[in-house]
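Single-letter residue listing:
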Amino acid sequence: MTTADRKNFGKVAVLFGGRSAEREVSLNSGSRVLAALCRQGVDAHAFDPATRKLDDLAAFDRAFIALHGRYGEDGTIQGVLELMGIPYTGSGVMASAIGMDKWRSKMLWHAAGVPVPDYVMLAADSDHAVVETSLGLPLFVKPACEGSSIGISKVKQTGELGAAYAAAAQHDSLVIAERAILGGEYTVAILGEQALPIIKIEPITEFYDYEAKYLRDDTAYRCPCGLPEKRERELRAQALHAFRILGGRGWGRVDFLMDPPADDGSRKAYFLEVNTSPGMTDHSLVPMAARAAGISYDELVVRVLALAALG
């Protein structure tokens, strides 16, 4: 992309910060995105919706959304930008809202034949003993509409589900109990029509929690991921398909889990969730996958911005 092309972006708002539980991560992502765009000659400016009136966005020609969580990743800011006629990065209103909602994502995927882990929606009056028996242990309990592993617990012993539900319910009225799939966690970054190389995530912690994602330096990221080449191609295509089922566009990330190998070596994949506004920190997965595909951080940011759209 030439300097002239980058000038055609006009005045760009980099939206980061916001009011969600993921504000600190967003500040980290957005500051890096802003610096990269400025290095590439883009007329980019910081815009924190928590401290500025949204009316001020009328001064901009395009928006790079580096907000995470509620109000930034759930269709809210996308709706504002649609009404204002400002092209923005990432998925549209519907796909953003569905992608943020793990429950509704699972329902759509299940209806479309995309495999998901067995799960149960929990309520205050749920029979926890029945849920533990039906899903089996261990299992995970998580808020349906939070990201960055906020509010997630791993239930390993009978009788622990009640406390895990209470912890998740502090963050969301919708809480999911999900069967643990213990053969490894993987992620596929999406850039335009391309599924980038798969990354295998190997945390030292009990699971890939907030600390492992953002604070620790001992989480291992394997790329190549170790899967046979043919199987990786299949899973990358399946991830792109899963992304499109939810209406995803532009860029994003699709996470999946795998069973341990069976006696015949076969392994089933289960799709977990979509991230429609992925992190762009020094620990983030999309930049890692892009590097493996020969795409620098600065080039990645410019390519994402070039995909900004309305509708």
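Here is what the cut-offs are and how they apply
Residues numbered from 1 in each chain as written. Predicted model: local features only at pLDDT ≥ 70, side-chain atom pairs only at ≥ 80, totals over all residues. Heavy atoms only, no water. Salt bridge = Lys/Arg side-chain N within 4 Å of Asp/Glu carboxyl O. Buried < 20%, exposed > 50% of the residue type's maximum accessible area, 1.4 Å probe, protein only. Phe/Tyr/Trp six-rings, centres within 6.5 Å; stacked < 30°, edge-to-face > 60°. Helix = DSSP H or I, 4+ residues; strand = E, 2+ residues; numbered from the N terminus. Lys NZ or Arg CZ within 6 Å of the ring centre and 35° of its normal. Pairing = 2+ DSSP bridges. Axes fitted to C-alpha atoms, helices over the stretch in contact; angles between N-to-C directions. Contact = heavy atoms within 4.5 Å. Parallel < 35°, antiparallel > 145°, perpendicular 65-115°, else oblique. Nonpolar A, V, L, I, M, F, W, Y, C, P; charged D, E, K, R; others polar.

S.K.: What am I meant to see in the pattern of salt bridges here?
M.R.: Opposite charge on two side chains permits pairing when their charged atoms draw close. Scanning all chains against the criterion turns up 18 salt bridges. One salt bridge connects Lys200 with Glu202, and the closest N-O pair in it is separated by 3.4 Å. Overall, Glu202 belongs to the partly exposed group, its relative accessible area being 25%. Look at the salt bridges and you will find they share partners, linking Lys106, Lys142 and Glu178 into a network.

S.K.: Looking at this structure, how should I read the packing of aromatic side chains?
M.R.: Both the distance between ring centres and the angle between the ring planes are used here to describe each pair of aromatic rings. All chains considered together, the criterion is met by 5 aromatic pairs. Centre to centre, the rings of Phe256 and Phe271 are 5.5 Å apart; their planes meet at 40°, and the pair counts as tilted. Placement of the pair is Phe256 in strand β12 (residues 251-258) and Phe271 in strand β13 (residues 269-275), with a sequence separation of 15 residues. Assigned by exposure class, Phe256 and Phe271 land together as buried. Each member of the aromatic cluster is reached from another via a ring pair, and the members are Trp109, Tyr186, Phe256 and Phe271. Just above the ring of Phe60 sits the side chain of Lys11; from NZ or CZ to the centre is 4.9 Å. The ring of Tyr71 carries the charged tip of Arg19 above its face, separated from the ring centre by 4.5 Å.

S.K.: Can you walk me through the sheet that holds strand β7 (residues 175-179) in this structure?
M.R.: What links the strands of a sheet is backbone hydrogen bonding, and the strands pair in either a parallel or an antiparallel sense. Reading across from one edge, β4-β7-β5-β6 is the order of the 4 strands in this open sheet, with antiparallel pairing throughout. Two strands in the sheet have a free side with no partner beyond their single neighbour: β4 (119-122) and β6 (153-155). Within this sheet the neighbouring strands show an average axis-to-axis angle of 25°, counted without direction. Each of β4, β5 (139-143), β6 and β7 is contacted by helix α6 (residues 128-135), which is oriented at about 165° to β4, the strand it contacts most. This element, helix α7 (residues 161-169), spans β4, β5, β6 and β7 of the sheet and lies at about 25° to β5.

S.K.: Can you help me understand the packing of α6 against α7 in this one?
M.R.: For any two helices packed against each other, the geometry is given by the interaxial angle and the distance between the axes. At a minimum axis distance of 9 Å, the contact between α6 and α7 shows a crossing angle of 100°. As judged from the angle between their axes, α6 and α7 are roughly perpendicular. For the pair formed by α6 and α7, the contact residues are His128, Val131 and Glu132 on the first element and Leu161, Gly162 and Tyr165 on the second. Considering only residue class, the contact of α6 with α7 consists of 3 nonpolar, 2 polar and 1 charged.

S.K.: Would you take a moment to explain the sheet that holds strand β1 (residues 11-15) for this structure?
M.R.: With parallel pairing, the 3 strands of this open sheet are ordered in space as β2-β1-β3. Single-partner strands in this sheet number two, and they are β2 (43-47) and β3 (62-65). Averaged over all pairs of adjacent strands, the angle between strand axes in this sheet comes to 30°, irrespective of strand direction. Inspection of the sheet shows β1 paired to β2 by 5 bridges, in the parallel sense. The residue of β2 that forms the bridge with Ala13 is His45.

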